[in-house]
Amino acid sequence: MVRVVKRRSEKAGLPPGTLVHIGEKKVEKPTITVIEYDEMNFQEKEVDTIEDCFPYKEKEAVTWINVEGIHRVEILEKIGDCFGLHPLVLEDILNTNQRPKLEDYVEYIYIVLKMLYYDGKRDGITVEQVSLILGPNYVLSFQEGIAGDIFDPMRAQIRNAKGRIRKMGADYLAYTLIDSVVDNYFVIIEELGEDIELLEEDLVTDPRPETLTGVQKLKREMIFLRRSVWPLREVIGTLERRESPLVKESTGLYLRDVYDHTIQVIDTIETFRDMLSGMLDIYLSSISNRLNEVVKVLTIISTIFIPVTFITGAYGMNFRYMPELQYRYGYPLVWLVIVIIAALMLLYFRRRKWI
Amino acid sequence: MVRVVKRRSEKAGLPPGTLVHIGEKKVEKPTITVIEYDEMNFQEKEVDTIEDCFPYKEKEAVTWINVEGIHRVEILEKIGDCFGLHPLVLEDILNTNQRPKLEDYVEYIYIVLKMLYYDGKRDGITVEQVSLILGPNYVLSFQEGIAGDIFDPMRAQIRNAKGRIRKMGADYLAYTLIDSVVDNYFVIIEELGEDIELLEEDLVTDPRPETLTGVQKLKREMIFLRRSVWPLREVIGTLERRESPLVKESTGLYLRDVYDHTIQVIDTIETFRDMLSGMLDIYLSSISNRLNEVVKVLTIISTIFIPVTFITGAYGMNFRYMPELQYRYGYPLVWLVIVIIAALMLLYFRRRKWI
Amino acid sequence: MVRVVKRRSEKAGLPPGTLVHIGEKKVEKPTITVIEYDEMNFQEKEVDTIEDCFPYKEKEAVTWINVEGIHRVEILEKIGDCFGLHPLVLEDILNTNQRPKLEDYVEYIYIVLKMLYYDGKRDGITVEQVSLILGPNYVLSFQEGIAGDIFDPMRAQIRNAKGRIRKMGADYLAYTLIDSVVDNYFVIIEELGEDIELLEEDLVTDPRPETLTGVQKLKREMIFLRRSVWPLREVIGTLERRESPLVKESTGLYLRDVYDHTIQVIDTIETFRDMLSGMLDIYLSSISNRLNEVVKVLTIISTIFIPVTFITGAYGMNFRYMPELQYRYGYPLVWLVIVIIAALMLLYFRRRKWI
Amino acid sequence: MVRVVKRRSEKAGLPPGTLVHIGEKKVEKPTITVIEYDEMNFQEKEVDTIEDCFPYKEKEAVTWINVEGIHRVEILEKIGDCFGLHPLVLEDILNTNQRPKLEDYVEYIYIVLKMLYYDGKRDGITVEQVSLILGPNYVLSFQEGIAGDIFDPMRAQIRNAKGRIRKMGADYLAYTLIDSVVDNYFVIIEELGEDIELLEEDLVTDPRPETLTGVQKLKREMIFLRRSVWPLREVIGTLERRESPLVKESTGLYLRDVYDHTIQVIDTIETFRDMLSGMLDIYLSSISNRLNEVVKVLTIISTIFIPVTFITGAYGMNFRYMPELQYRYGYPLVWLVIVIIAALMLLYFRRRKWI
Amino acid sequence: MVRVVKRRSEKAGLPPGTLVHIGEKKVEKPTITVIEYDEMNFQEKEVDTIEDCFPYKEKEAVTWINVEGIHRVEILEKIGDCFGLHPLVLEDILNTNQRPKLEDYVEYIYIVLKMLYYDGKRDGITVEQVSLILGPNYVLSFQEGIAGDIFDPMRAQIRNAKGRIRKMGADYLAYTLIDSVVDNYFVIIEELGEDIELLEEDLVTDPRPETLTGVQKLKREMIFLRRSVWPLREVIGTLERRESPLVKESTGLYLRDVYDHTIQVIDTIETFRDMLSGMLDIYLSSISNRLNEVVKVLTIISTIFIPVTFITGAYGMNFRYMPELQYRYGYPLVWLVIVIIAALMLLYFRRRKWI
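Now for a description of the structure that goes with this document. (Residues numbered from 1 in each chain as written. Chains lettered and ligands numbered in written order. Predicted model: local features only at pLDDT ≥ 70, side-chain atom pairs only at ≥ 80, totals over all residues. Heavy atoms only, no water.)

1. Some remarks on the environment of Lys296 of chain E
The condition that has to hold: Numbering goes from the N terminus for both helices and strands, where a helix is a DSSP run of H or I of at least four residues and a strand is a run of E of at least two. Exposure classes here rest on a 1.4 Å probe applied to the protein chains alone. A residue is buried below 20% of its type maximum, exposed above 50%, and partly exposed in between. Note on definitions: a residue-residue contact is assigned when non-hydrogen atoms from the two residues lie within 4.5 Å.
Relative to the helices and strands, Lys296 of chain E is located in helix α6 (residues 249-314). With relative accessibility at 11%, the residue Lys296 of chain E sits in the buried group. With 260 residues separating them along the chain, Lys296 of chain E and Glu36 of chain E place their C-alpha atoms 76 Å apart. The residues contacting Lys296 of chain E, other than those within four sequence positions of it, are Val294 of chain D together with Trp354 of chain E.

2. As for the packing of helix α4 (residues 170-205) of chain A against helix α5 (residues 209-241) of chain A
Residues and elements named next belong to chain A. We count it as follows: A fitted line through C-alpha atoms serves as each axis, taken over the contacting stretch for helices, and the angle formed by two N-to-C directions is quoted from 0 to 180°. For classification purposes, angles smaller than 35 degrees are called roughly parallel, those larger than 145 roughly antiparallel, those between 65 and 115 roughly perpendicular, and all remaining angles oblique. Two helices crossing with the near one rotated counterclockwise from the far one by less than a right angle form a left-handed crossing, whereas a clockwise rotation gives a right-handed crossing. Any residue outside Ala, Val, Leu, Ile, Met, Phe, Trp, Tyr, Cys, Pro, Asp, Glu, Lys and Arg is labelled polar, Gly included; the first ten of those are nonpolar and the last four are charged.
Two elements in contact, α4 and α5, have axes whose closest approach is 11 Å; the angle formed by their N-to-C orientations is 160°. Our classification of the angle between α4 and α5 gives roughly antiparallel. Like other packed secondary-structure pairs, α4 and α5 cross with a definite hand, here left-handed. Note on element contacts: α5 touches α4 through Thr211, Gly214, Val215, Leu218, Glu221, Met222, Leu225, Ser228, Val229, Leu232, Ile236 and Leu239, opposite Ile178, Val182, Tyr185, Ile188, Ile189, Leu192, Asp195, Ile196, Leu199, Asp202 and Leu203. Its residues placed into classes, the contact of α4 with α5 shows 17 nonpolar, three polar and three charged.

3. Let's talk about the sheet that holds strand β1 (residues 31-37) of chain E
All names here are of chain E. Operational definition: Think of it this way: DSSP has to see at least two bridges between two strands before they count as a pair.
Read from one edge to the other, the open sheet built from seven strands follows the order β2-β1-β3-β7-β6-β5-β4, with strand pairing classed as mixed. Strands with a single pairing partner mark the edges of an open sheet, and in this sheet they are β2 (42-47) and β4 (101-104). Recorded for the sheet is a direction-independent mean angle of 15° between the axes of neighbouring strands. Bridging between β4 and strand β5 (residues 109-119) involves four bridges; their strand directions are antiparallel. Paired with Glu103 across the strands is Tyr110, a residue of β5.

4. Details of the relation of the copies chain D and chain E
Both copies of the chain are related through a single rotation about an axis accompanied by a shift along the same axis. Quick note on the threshold: Only residues with pLDDT of at least 70 in both copies contribute their C-alpha atoms to the least-squares superposition of the copies.
The two copies are related by a screw motion: chain D maps onto chain E through a turn of 72° and a shift of 0.0 Å along the axis, at an RMSD of 0.1 Å. What the superposition gives is, in effect, a five-fold axis relating one chain to the other. Taking C-alpha positions as reference, the residue of chain D nearest the rotation axis is Gly316 of chain D, located at 4.8 Å. Taken as a fraction of all interface residues of chain D, those also at the interface in chain E reach only 14%, which identifies the copy contact as different-surface.

5. Points about the pairing of strand β5 (residues 109-119) of chain B
The element β5 of chain B is largely enclosed, with a buried count of ten among its eleven residues. Hairpin connection between β5 of chain B and strand β6 (residues 124-134) of chain B: a loop of four residues separates the two successive antiparallel strands.

6. Describing the packing of aromatic side chains
Put simply, the rule is: When the centres of two rings from Phe, Tyr and Trp lie within 6.5 Å, Trp using its six-membered ring, the rings pair. Their planes under 30 degrees apart give stacked, over 60 give edge-to-face, and anything left gives tilted. We call a charge positioned above a ring when the Lys NZ or Arg CZ atom is no farther than 6 Å from the ring centre and deviates by at most 35 degrees from the ring normal.
Taken as a whole and judged by the stated rule, the model has 68 aromatic pairs over all chains. Seen in terms of ring centroids, Phe305 of chain C and Phe310 of chain D are 5.8 Å apart; in terms of plane orientation they differ by 55°. Their pairing is tilted. Of this pair, Phe305 of chain C sits in helix α6 (residues 249-314) while Phe310 of chain D sits in helix α6 (residues 249-314), each in a different chain. Judged by relative accessible area, which is 6%, Phe310 of chain D ranks as buried. Taken together, Phe305, Tyr315, Tyr331 and Trp335 of chain A together with Phe310 and Phe319 of chain B form an aromatic cluster joined through their ring pairs. Its guanidinium or amino end placed over the ring of Tyr329 of chain A, Arg328 of chain A lies 5.9 Å from that ring's centre, counting from NZ or CZ.

7. Points about the pairing of strand β2 (residues 42-47) of chain B
Residue and element names in this part refer to chain B. Pairing of strand β1 (residues 31-37) with β2, which is carried by six bridges, proceeds in the antiparallel orientation. Bridged to Ile35 within β2 is Glu44. What sits between β1 and β2 in their antiparallel hairpin is a turn of four residues.

8. Things to note about unusual backbone geometry
Residue and element names in this part refer to chain E. Here Val106, not a glycine, exhibits a phi torsion of approximately 65°, which is positive. For Val106, the location among the structural elements is in the loop between β4 and β5. On the accessibility criterion, Val106 (66% relative accessible area) is exposed. Even without being glycine, Lys353 reaches a positive phi, approximately 65°. Here Lys353 shows up in the segment after α8 (330-351).

9. Some remarks on the arrangement of the chains
Nothing in chain B touches chain D; the tightest C-alpha to C-alpha distance between them is still 9 Å. At the C-alpha level, the nearest point of chain C lies 9 Å from chain E, with no contact between them.

10. Examining the interface of chain B and chain A
Using the following cut-off: Buried area is calculated as the accessible area (1.4 Å probe) missing from two parts once they are joined, with the contributions of both summed. Here, a salt bridge means any side-chain nitrogen of Lys or Arg that lies within 4 Å of a carboxyl oxygen of Asp or Glu. As used in this structure description, the phrase polar contact means that two N or O atoms lie within 3.5 Å; if the pair is within protein, one of them must be able to donate a hydrogen and the other to accept it, and residues adjacent in sequence are counted only when both atoms belong to side chains.
Each partner contributes residues to the interface: chain B has 67 residues there, and chain A has 65 residues. Note on chain B versus chain A: buried area summed over both sides is about 5800 Å², and carbon and sulfur give 63% of it. For the interface between chain B and chain A, the tally reads six salt bridges. Where Glu293 of chain A meets Arg352 of chain B, a salt bridge forms, and the shortest distance between an N and an O atom there is 3.3 Å. Joining chain B to chain A, the criterion identifies 15 residue pairs in polar contact (both at pLDDT 80 or more). Looking at the side of chain B that touches chain A, the elements with two or more residues in it are α3 (152-159), α4 (170-205), α6 (249-314) and α7 (330-351) of chain B. Residues that form the side of chain B that touches chain A fall into these classes: 30 nonpolar, 19 polar and 18 charged.

11. A word on the interface of chain D and chain E
Between chain D and chain E, the contact holds 64 residues from the first and 67 residues from the second. For the pair chain D and chain E, the two sides together bury roughly 5800 Å², of which 63% comes from carbon and sulfur. Where chain D packs against chain E, one counts six salt bridges. For the pair chain D and chain E, the number of links is 15 residue pairs in polar contact (both at pLDDT 80 or more). Looking at which element gives the most residues to the side of chain D that touches chain E, the answer is α6 of chain D, with 18 residues. Of the residues that constitute the side of chain D that touches chain E, the class distribution is 33 nonpolar, 13 polar and 18 charged.

12. A word on the nonpolar core
Convention followed: Residues belong to a common nonpolar core when they are buried Ala, Val, Leu, Ile, Met, Phe, Trp, Tyr or Cys residues joined through side-chain atoms within 4.5 Å.
Judged by nonpolar contacts, the single largest core of 121 residues is most densely connected at Tyr315 of chain A, Tyr315 of chain B, Tyr315 of chain C, Tyr315 of chain D together with Tyr315 of chain E. Broken down by element, this core gets its largest block of residues, 13 residues, from α6 of chain E. If we skip the residues at most four places from it in the chain, Tyr315 of chain C touches Tyr331 and Trp335 of chain B, Met322, Glu324, Leu325 and Val334 of chain C together with Met317, Asn318 and Phe319 of chain D. Ranked by size, the runner-up nonpolar core spans 96 residues in total, among them Tyr117, Ala170, Ile196 and Val258 of chain B.

13. Some points on the environment of Ile300 of chain E
Residues and elements named next belong to chain E. With respect to the helices, strands and loops of the structure, Ile300 is situated in helix α6. Sequence-wise, Ile300 and Glu77 are 223 residues apart; in three dimensions their C-alpha atoms are separated by 78 Å. Setting aside chain neighbours within four positions, we find Ile300 in contact with Phe349, Trp354 and Ile355.

14. What to know about the pattern of salt bridges
As enumerated under the stated definition, the model contains 90 salt bridges over all chains in all. Arg72 of chain C is paired through a salt bridge with Glu74 of chain C; the nearest N and O atoms lie 2.6 Å apart. The exposure class of Arg72 of chain C is partly exposed, given its relative accessible area of 34%. One network of salt bridges, in which partners are shared, links Asp92, Lys101 and Glu103 of chain A together with Arg256 and Asp260 of chain B.

15. Here we look at the side chain of Lys114 of chain E
Residue and element names in this part refer to chain E. Within the element layout of this structure, Lys114 appears in strand β5. Polar contacts involving the side chain of Lys114 include one to the side chain of Gln129, which spans 3.0 Å. Those residues within four positions of Lys114 in sequence are excluded, and the remaining contacts are Thr96, Asn97, Gln98, Pro100, Val127, Glu128, Gln129, Val181, Tyr185 and Ser228.

16. What about the sheet that holds strand β3 (residues 62-68) of chain D?
Residues and elements named next belong to chain D. Spatially, β2-β1-β3-β7-β6-β5-β4 is the arrangement adopted by the seven strands of the open sheet, whose pairing is mixed. The open sheet terminates on both sides in strands that have one partner only, identified here as β2 (42-47) and β4 (101-104). Put simply, the sheet's adjacent strands are angled 15° from each other on average, direction ignored. Here helix α1 (residues 73-83) sits on the sheet in contact with β1 (31-37), β3 and β7 (138-143), set at roughly 165° to β7. Packing against the sheet, helix α4 (residues 170-205) makes contact with β1, β3, β5 (109-119), β6 (124-134) and β7, and its axis sits at approximately 25° to β5.

17. Looking at a nonpolar patch on the surface
All names here are of chain A. The line we're drawing: Patch definition: residues above 30% relative accessible area lacking any salt bridge, with like charges linked at up to 9 Å and the nonpolar side chains Val, Leu, Ile, Met, Phe, Trp and Tyr linked at up to 5 Å. Calculation of accessible area relied on Shrake-Rupley with a 1.4 Å probe; when residues are assessed, cover is drawn exclusively from the protein chains displayed.
A surface patch of nonpolar side chains, about 650 Å² in accessible area, is lined by Tyr329, Leu333, Leu336, Ile340, Leu344 and Leu347. Within the fold, Leu336 resides in helix α8 (residues 330-351). The partly exposed category is assigned to Leu336, whose relative accessible area is 48%.

18. Section: the environment of Thr271 of chain C
Residue and element names in this part refer to chain C. With respect to the helices and strands, Thr271 occurs in helix α6. The class for Thr271 is buried, based on a relative accessible area of 6%. Reaching out from Thr271, the side chain makes a polar contact with the backbone oxygen of Asp267 at a distance of 2.9 Å.

Interpretation note: all reported values are geometric properties and have no functional meaning in isolation.
Rendered as structure tokens:
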């Protein structure tokens, strides 16, 4: 449940703009990485104090400052001072409860993304909130700091001048970061697809209550996934259409591409939801079918043996005057009657296709 | 049911604008608090008669008049006269049946909010209607008067000049009041989330009819919560976009922030609704599963013992000529047959995975 | 079913604008009431022939002509001639099958409303179609004529100059008539709410098939209610926004008020629908639960007694050589075995929480 | 199924605009009727070859050419040549698979309607596609040619100069044709309403699998009906709003009237759908209820007689030493015990309200 | 599952615009066909290397280059260079995971379509992605290369100058290609319709779990089909409305025609979905009905024989003093009682309509 509602209530009553970290602390010490590049030059370093990265603000080249670990409020405050960020932006970066959103503060654009990780065995989907600030010549990115940085491939691209990233501006860098988050959704969707496939096989071969629990668990992951991706679509759509001078027209085409990917993800989620609903129907009807099978066995055995048991009971009575008992062939005759009754019953069941 | 439809019918037939209090009387005597402040000065007092607070209307500083307890119609009338409120506004303040809404009367803006309190054990969600009037330099707030004032933290902020509230105008004050109501929704959502979690555990370990009743009760709370929050979204959205001179541009950013919070609340409510629906499916299938279990036990016992009972019945018959009865090993042979039949049955059940 | 589709088919093939009354005749003889008023003067009379009310058309004061009973086509025709109404309007007034709607004929506005009456015991909701024609200084209202006029309080207000009605124009009169219809919906909603509450208690204490029928009946009333109220919302919204010179700006505020009431009614209907759906789920699961209970009793009794009956059967066999029968303590030993088997079964049931 | 997908696949691969009749041939030989009228004159004749009706195109009076039977492609081709119809229009007239639609070709407007016939006993709803071409002074109508022409009343109106049809132009004629199709929907809806009522009675008195089949069949008719009426609403709405010089303003009011009727039809269809869904719920719960009843009888009989049969079994054993058997009152005492057990069981069932 | 999510994850981390083929390789060697035509001339040839088709770009006549098999990235790259295609377009052509979409690059329009094939017995629906590039005087089409080219009829039309295709430009060619894809949907829909019909018959005559699996399989095909057709509607709508100089007005009418067809397809899919949902309800209720039947048989046999077996048990007891046993007519009297009990039971069942 932590996933659905993080303890935001502690903030109730504090004045707006108060900086409080809401969420789990995921790394001990925040790491700050600064990358500066233009088509010719490239410089990358890890800095200790946030003051070290301020000079970059004024440069012509593109500067990318990545902060991993956001629970140290004072770091945020200093960055906010240096880059002139609105207190509400800082508050939102600290609050990992955000939905994906985009806010245009004219001088910079603030974007919230949700990076997702999936582990079907244990916890299902876990989330890391990623905040981006896109300025005229800089990008600030804030991660909660779950192990395994998804931005590493981007860094490699910049370092090795692969693709067109070194020739483009800060807006293109922001685009690649968003793109890498969306690309990651496809990975998750494939894993979820495999889990659905496994459940489907279970459903056909051996439906058990655990299968249902599995279906429900995946259904919930879908709700969760949807919640992270749906608003993203709007975010990217806004970014693409926006006439902010911060986003160049050449980047617009690329944004339309990520937009398409987001719709593909949403589409697949909806398909999965429909599939899981269908699986629920199959499960419920398979329970009913099994009940039918069990009751049919009971009925067949009972309706064959209860009447013939009655006959044996009748000739087990101790009345003094029971003429049949004295007959020479009474006993074999009774057996004959019993066999006929049983045969008729079997015939009846056969005709009704029960056996 | 009181919660869903309050006795509004009494008003049918009265001319519009007739002031009648609809709802429960929640406090004996209304309390009127007046706070006057600007960046330098601050004054707070509780007044006895409403006339005492009229002089404040003309001042330059921001005046906040808070009325707790709205069942005394004459107080409303006087305030209405003094601040030039439309009779329909007064009527709406008195009618605690309102949905959250915003009405722009040019000289002032009238806003209706729903303050919620949750007590899972007893009554579920209870509501207090909060009406705000935002004028150029004053804010009037009307509460029904449930114990424990949610505006206390705001008062403390003004008193201690915490945050930026003392530097801003009446619109910022109105914003903080709205913000405190929305912040409170997060508290309720967390409590509901915990109750859902408890129910889910029950569902897995020991699903009983009471579990279903619990699910349904929470579902109803969701309906109710939704009804209070959905229109609020529109209210705040309207306030943010509105070009009323009463709302300054600097406050717009803050309103966008509350707007985001409202959407987060709505989002979580929808997620909860989906989760509760899933729980209903699990409950229903667990009933079916249990029926299956019970019937399986019946079938296994019956199909093993009914046939062998028939055999004992057959050799309990009293026919004079029953050759088997005279056999030396007739009795142990019958036992052998019985054991074989039972073993075959068990084998059959094992093969069908019933045992 | 009459309520859902009235015999409109009779009209198929007639040219449009042909005046035919569709619906039940609810009063024997139509009653025509004329009220004329301005701030100073007031005159009210019941007229015999419709011609008597024509002079009023030209006066400066507000004239309200109310016709109760619409099955006399010739009356409609004369009024149509006098006030210059379009044949399609007259046709619609006669056809009680209309949805609430508003049509602006520039010189007058034609409004259709649905007055509702609820009688939970007998028929559920019954409808009376109310047509209003709002002209520059007159209002014509047409009712089907169900006993108990809902416009009586309006008449009293005019007569006694209560509220602001005498100071306002024809548009305000039209507003009060609409308002009285909407106010009446709250009465119905409260009654429906009470019926839902009663059903809910039944559902908890003693769910029977009749409870389900009751739920379905209420569900249908909701469908019906919704059908009458949803389009009304649009009607009033259109009236409020409309820039027709027939509706003065001062009346706009009042219309917004009725608009809010309509939304409250719709809101409550939706809540009721959700509640009734939840009740259906509870009912279905309670049937399943009861089946479980019944089958459990059968299973417990059967699984205890069927095996032990087999044992008695075994020692009731008549084989000549059955050594146990000769044992001194054979009989009590068999009882001991029986008791042990029964005890083990009970233990098993206890462990599975069946008893 | 024919109804849902007609064999359109034969056309795959042919160039667009190729004239192929898709659908059943419903009459042997097409009938062509020409009516020419203005306020004073009226002329009606059945023509043999389509060339006979070409002179009418140039006249001032309104010309209505009605073609019954559309499978003769060459007739269509000639009309197309004469009136300058686009090949795609001709193709669409021939393809009876169309949805209702309106296409404005500036010089004429092309409208597709669906005429419906209902026969609850046999086939349910059957459809006839009606195509209208509205030109400046002519209307062309194409019917598939099912027996019983629905346009006969229109012809009578023109012939006898009833209503205002002779005084109006071609657009009014088109309106009356559309109106007659929509009026016909009311007839079908009433018949469907009666069938639903019959099914409802069955559901209460004697629910059988056939009742369910009936409900499903009606549900499907609703899907089908909806598919024909929904797009019609848009067609008429477009026609009403359209500023085509072909539709005069005076006709606009009449079109608004048909538009209202279409919405009434849609409204009723939705109500019927909701009602049929409710009937499904009642049917399913009535099956469950009956299972409960059956199982209850089984349980009552079994739990009373199985224990007492065990007792008789016990005293039917043949142990040599069974002291009770020698007791003077052993036999009546056993009967007493049996009666007491049975009575206690009955009491238990009574307390659980099973009997 | 492959169908729902193709392995797109391999691309995560690569810079955007990197050309990687995503999907199965469906043909060994790509085939490139070039067709050049105007009203007078026609030339068609299969080329070996892509360079052979570059001269066509500059000609006045319409050039259609069709590439079957898209897994050879270098071919795409060369075409991209020659026709100046954006890298993102090439990336999208290679990625067979696309939804149908349209992108306007001013100089050319890029369209993605989904060609569908249905094989009810084996795999259900399989998809081939078709990409079109519409330039001022050329059309490029890219197919994955499933056997049996759907564009053959188009080629024949051009070759034989059938229809108007040779007189029109590249936009009309693009239209015919789209039209042929949509026409193909009708073929699939008819096949699906037949499969639904077969399932419905099964459902009535002999509902088995496989019937349900069949229903679910078809439901999934519908989800899949819908996913391919829904966005196509928007694509064609955009193309029709678009004011790109690449699409001539005369082609607009034809595009409206395909647009209508797409809506017909969507309409039928929705109808099928509703029908399949209804079939699920029927299946579930038929399981319940059969359970009822089985349990009824059990109950009837049990309730008749269990009481009479008890009676025989009673007179099988071995008490010394059992006066009835000595009666002359005790034995026939017991039979009489048994027959009466059985008859009463049968009467009871008859009255409850169980037999």
